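The lines below spell out each chain.
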Amino acid sequence: MKAVLQSAIALCSIAMAGAASGQPETSSTWQAMTFHDLRQPSASDVLQTVLWPDVIASANAYAENELKRPLNGRNALVTALSSTYQLSDRTVIISTALVRGCDSGANSSGAEIEPSICPLRIVVMKDGKVVSSKTESGCYVDHADKDLPEKNRTDSSYTQFDPKTGMIAFRTIVGGKAVPACQRTYAIN
């Protein structure tokens with residue numbers, strides 16, 4: 001019960017943050033996904049308690065048991081991107097997480113930056129409870145970072161929600177160009 005209450009509080013915080021940033025209740029415009037570093041444990045973070053608790057637990061176990069790295073009360077490195085939309089009395093969250101199981105493509109000094117194919121989850125919540133949840137795959141690209149090559153400093157994944165159809169469109173921009181393999185559409189149910 002305590003976890004459900006904490007998740008509901010976190011959900012309200014995410015929804016209020018969206019409202020405070022001017023995010024409309026429903027969206028027909030592309031919205032850049034928000035970057036989250038999940039290393040700091042939080043019982044009130046809906047990404048940690050509802051969307052990715054299994055991924056965090058697996059990463060923690062790998063770090064401590066396989067790599068023999070003490071976490072000292074923190075989580076192993078797991079990062080996520082998310083977008084949140086309000087639909088009447090429901091909250092829709094779409095999130096993708098960079099985890100060990102992602103297909104991260106080329107990894108050499110001469111390789112161009114490309115998105116990773118990672119798990120993507122869509123959760124619909126009402127009154128702090130999960131109404132529907134599903135896992136798909138989607139693209140993850142590192143968030144905008146001044147340390148990236150100049151052409152990649154605005155790389156991002158974007159979502160667009162159509163409340164009439166219940167569909168979320170997803171796209172990823174790398175080096176100023178849309179990545180065709182990352183253009184997908186997901187039903188929220």
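Above this note sits the structure.
Below, the discussion takes up the overall build of the protein chain. Of regular secondary structure, the protein chain possesses three helices and 10 strands. The order of α-helices and β-strands along the protein chain, N terminus first, is α-β-β-α-α-β-β-β-β-β-β-β-β. By residue count, 40% of the 189 residues in the protein chain fall in the buried class. Here the contacts in the protein chain between residues at least 6 apart in sequence split such that 58% fall between residues at least 24 apart.

Its 14 residues give helix α3 (residues 53–66) an end-to-end C-alpha distance of 19 Å, which sits within 8% of 20 Å, the value for a rise of 1.5 Å per residue. Here α3 has its buried residues at Val55, Ile56, Ala59, Asn60 and Ala63. Seen along its axis, α3 keeps its buried residues to an arc of 135°; they face one direction. Check the buried side of α3 and you find it contacts α2 (46–51) and β5 (116–126). In the segment just after α3, Lys68 is the residue with positive phi, at about 60°.

The subject of this paragraph is the side chain of Ser157. Following the sequence through the fold, Ser157 ends up in strand β7 (residues 156–162). Looking at Ser157, the relative accessible area reads 1%, which means it is buried. Within the structure, Ser157 has its side chain in polar contact with the side chain of Thr172 (distance 2.9 Å). For Ser157, the residues in contact, after removing those within four places along its chain, are Gln31, Ala32, Met33, Leu81, Cys139, Val141, Phe170, Arg171 and Thr172.

Calculation rules
Residues numbered from 1 in each chain as written. Predicted model: local features only at pLDDT ≥ 70, side-chain atom pairs only at ≥ 80, totals over all residues. Heavy atoms only, no water. Helix = DSSP H or I, 4+ residues; strand = E, 2+ residues; numbered from the N terminus. Buried < 20%, exposed > 50% of the residue type's maximum accessible area, 1.4 Å probe, protein only. Contact = heavy atoms within 4.5 Å. Expected span 1.5 Å × (residues − 1). Arc of directions from axis to C-beta. Polar contact = N/O pair within 3.5 Å; in protein donor to acceptor, adjacent residues only side chain to side chain.

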